[in-house]
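So the chains spell out like this:
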Amino acid sequence: MIINRELCDICGTCVAVCPSDAIIVSEFFVTINNDKCTECLKCLKVCPIKAIEEG
Ligand code: SF4
Ligand code: SF4
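Conventions used here
Residues numbered from 1 in each chain as written. Chains lettered and ligands numbered in written order. Predicted model: local features only at pLDDT ≥ 70, side-chain atom pairs only at ≥ 80, totals over all residues. Heavy atoms only, no water. Core = buried A, V, L, I, M, F, W, Y, C linked by side-chain atoms within 4.5 Å. Buried < 20%, exposed > 50% of the residue type's maximum accessible area, 1.4 Å probe, protein only. Contact = heavy atoms within 4.5 Å. Helix = DSSP H or I, 4+ residues; strand = E, 2+ residues; numbered from the N terminus. Near = heavy atom within 4 Å. Nonpolar A, V, L, I, M, F, W, Y, C, P; charged D, E, K, R; others polar. Phe/Tyr/Trp six-rings, centres within 6.5 Å; stacked < 30°, edge-to-face > 60°. Lys NZ or Arg CZ within 6 Å of the ring centre and 35° of its normal.

Caption draft 1: Fine view of the nonpolar core. Grouped together as the largest cluster of nonpolar side chains are 13 residues, with contacts concentrated most on M1, C14, I23, I32, C43 and I52. In this structure, C43 is in contact with M1, C14, V17, I23, I32 and I52, ignoring residues within four places of it in sequence.

If you want it as structure tokens, here you go:
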């Protein structure tokens, strides 16, 4: 999964829904740890501005 940092406003919504704790939020950006990600696509579906893409 890939987060478009140009679009992401660090709202934290995706972090809360990830069942694998694969999404890491910091003060300046949000990152997905693809080693932990199971590609359930929950984050992609909840992102209000569609900043997450498969990949
Ligand atoms: S696809 Fe699922 S497991 Fe992967 S980062 Fe998104 S919510 Fe977490
Ligand atoms: S839900 Fe979307 S906008 Fe919010 S932190 Fe996640 S990727 Fe960024």
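Caption draft 2: Structural context of the environment of S26. Assignment of secondary structure puts S26 in the loop between β2 (23-25) and β3 (30-32). Residues S26 and G12, spaced 14 residues apart in sequence, show a C-alpha to C-alpha distance of 9.7 Å.

Caption draft 3: Expanded view of the site of ligand 1. The immediate surroundings of ligand 1 are formed by 13 residues, with C18, C37, C40, L41 and C43 found nearest. Here the shell around ligand 1 is built from residues that sort into 9 nonpolar, 2 polar and 2 charged.

Caption draft 4: A look at the environment of A51. Here A51 lies in the loop between α2 (42-46) and β4 (52-53). Residue A51 is classed as buried on the basis of its relative accessible area, which comes to 2%. Between the C-alpha atom of A51 and that of I2, which follows or precedes it by 49 residues, the distance is 8.3 Å. If sequence neighbours within four positions are ignored, A51 has contacts with I2, I3, N4, L7 and C8.

Caption draft 5: Seen up close, the packing of aromatic side chains. Under the counting rule described, the total for this entry stands at 0 aromatic pairs. Looking at R5, its charged tip hangs above the ring of F29, at a distance of 4.1 Å from the centre.

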